[in-house]
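# A structural walkthrough
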Amino acid sequence: MAVTASKINLLDLDRRDLEAFFVALGEKPFRATQVMKWIYHERVIDFATMTNLSKALRERLADCAEIRLPEVALDQASRDGSHKWLIRLDSGNCIETVFIPEPDRGTLCVSSQIGCPLDCSFCATAQQGFNRNLTVAEIIGQVWQASRLLGERRNGDRIITNIVLMGMGEPLLNFANVVKATDLMQDDLAFGISRRRVTLSTAGVVPALYRLREVSEVSLAVSLHAPTDELRNELVPLNRKYPLAELLAACKNYIVDKPHRRITWEYVLLAGVNDSEQHARALAALIRDIPSKVNLIPFNPFPNTRYQRSSPDVIDRFHAVLMAHDLTVVTRKTRGDDIAAACGQLAGQVQARGRRLGRSAPLAVA
Ligand code: SAH
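Residues numbered from 1 in each chain as written. Predicted model: local features only at pLDDT ≥ 70, side-chain atom pairs only at ≥ 80, totals over all residues. Heavy atoms only, no water.

### A word on the confidence of the model for the protein
Fine structural detail should not be taken from predicted coordinates in areas where pLDDT scores are low. A residue-level look at the protein finds 93% of positions with pLDDT of 70 or above and a mean pLDDT of 91. The model gives residues 357-366 a pLDDT under 50, and that stretch makes 22 contacts with residues more than four places away or in other chains. (pLDDT = per-residue confidence, 0-100. Contact = heavy atoms within 4.5 Å.)

Laid out in structure tokens, this is it:
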């Protein structure tokens, strides 16, 4: 155990880190290219098999490093072709990863934290409490495992075309690890997913949004859910810290001078709470001058929730009001609900440690 703990897990390193790692070993930086191809393209995690490295280097790597993946504890397939994997981590906690196939794309939804500190009132993950941030290896390991289990081949058709950080957790509260993991998702030596097809979804950690613009090229989805501070404070308690005006300014800044970029706004429709035509008009007015796409998400229920899904008529009307304001709107189809894999239903198995984010609790935006 002590030996394992002292070994460096190469899945925690992005390309730049891996080059630095080899330079520190007295090797050329291009060893990083070779090893990344083995890990991510060939799915080889045993150094002994990496035959373009000298035997001496392979032995040295085995001494000081390892390639350690999170373990898939359960693989569930939905009637509709979606998959949900329960992924067991060293700590004994489990997180969830979901794959959603559609005719023109395959979307993998990955988790960024064990549980979540954000306590949004309509989300199952919030009920689990918060344990800790995931490591880079645990985030990218979800992609590695899903791609293996879906039978993705290096030169075959790409099955995972899009990745969204919309699983358990708030990605911007795990900033450094999430940025490295998304870099690996986009790196041709790893998963090579196109930049705009990697999307980070946030409840709106405003200072982190400004920093993200400087270091990353991911697309941005923002969980809005309400057009006024009063209502949003209730649904997304983080709004008390970063109210709508600050959030919208940070979102505008994220895409300024980036042609063809827009913000995806997520809006969960909760019956009788945020789904009136008046709410729709207020939403349209709020985002009027930001290039936008709105994703309407019919609420997905979970045990002990006080909310209900809006009726199809109400959802259609809300959709129509937004369209009448010239917005691009998609009402998300519910997928994977027979295996509790839909948005907001991910619960995993979390041993809660941290307190949930209370109204005055400090927020670590590290
Ligand atoms: N913390 C991040 C990412 C995780 S949530 C965020 O807030 O964006 C991913 C999406 O699922 C968010 O838009 C979230 O609001 C939505 N969601 C949460 N609970 C839901 C539920 N019960 N039904 C439908 N969507 C839900």
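### Focus on the environment of Val-350
Locating Val-350 in the fold gives a position in the segment after strand S14 (328-331). When near neighbours in sequence (up to four residues on either side) are disregarded, Val-350 contacts Asn-93, Cys-94, Ile-114, Gly-115, Gln-128, Gly-129, Asn-131 and Met-168. (Helix = DSSP H or I, 4+ residues; strand = E, 2+ residues; numbered from the N terminus.)

### As for the nonpolar core
Counting 117 residues, the largest nonpolar core has Leu-10, Tyr-40, Phe-122, Trp-265 and Leu-322 as its most contacted members. Both of domain 1 (8-66) and domain 2 (71-339) provide at least three residues apiece to this core. For Trp-265, the contacting residues outside a window of four places in its chain are Val-222, Leu-224, Leu-248, Cys-251, Ile-287, Ile-290, Ser-292, Lys-293, Val-294 and Asn-295. (Core = buried A, V, L, I, M, F, W, Y, C linked by side-chain atoms within 4.5 Å. Buried < 20%, exposed > 50% of the residue type's maximum accessible area, 1.4 Å probe, protein only. Domains from an automatic or database assignment.)

### Here we look at the sheet that holds strand S12 (residues 263-269)
Spatial ordering of the open sheet is given by S3-S4-S5-S6-S9-S10-S11-S12-S13-S14, a layout of ten strands whose pairing is mixed. What marks the edges here is a single partner per strand, and that holds for strand S3 (71-77) and S14. Here the average twist between neighbouring strands, direction ignored, is 20°. Examined bridge by bridge, strand S6 (residues 105-109) and strand S9 (residues 162-165) share three bridges and lie parallel to one another. Across the sheet, residue Cys-109 finds its bridge partner in S9, namely Val-164. (Pairing = 2+ DSSP bridges. Axes fitted to C-alpha atoms, helices over the stretch in contact; angles between N-to-C directions.)

### Quick notes on helix H7 (residues 175-186)
Taking 1.5 Å per residue, twelve residues should reach 16 Å; H7 reaches 17 Å between its end C-alpha atoms and fits that length. Those residues of H7 not exposed but buried are Phe-175, Val-178, Val-179, Ala-181, Thr-182, Leu-184, Met-185 and Gln-186. Those residues of H7 that are buried lie in contact with helix H2 (15-24), helix H3 (31-41), helix H6 (136-149), S9, strand S10 (198-202) and helix H8 (206-215). (Expected span 1.5 Å × (residues − 1).)

### Here's the deal with the pairing of S10
Of all five residues in S10, five are buried, a share of seventy percent or more. The sheet contact formed by S9 and S10 spans three bridges and is parallel. Opposite Ile-163, over in S10, you have Val-198 as the bridge partner. Taken together, S9, H7 and S10 form a β-α-β motif whose crossover is right-handed. Two elements, S10 and strand S11 (residues 219-223), share four bridges in a ladder whose sense is parallel. Note that in S11 the partner of Ser-201 across the bridge is Ala-221. Handedness of the crossover joining S10 and S11 through H8: right-handed. (Right-handed = clockwise from strand over helix to strand, strands pointing away.)

### Focus: the pairing of S11
As a general feature of sheets, a regular strand has side chains that alternate between the two faces. S11 sits mainly inside the fold: five of its five residues count as buried. Burial of the side chains of S11 extends over both faces: Ser-219, Ala-221 and Ser-223 are buried on one face and Leu-220 and Val-222 on the other.

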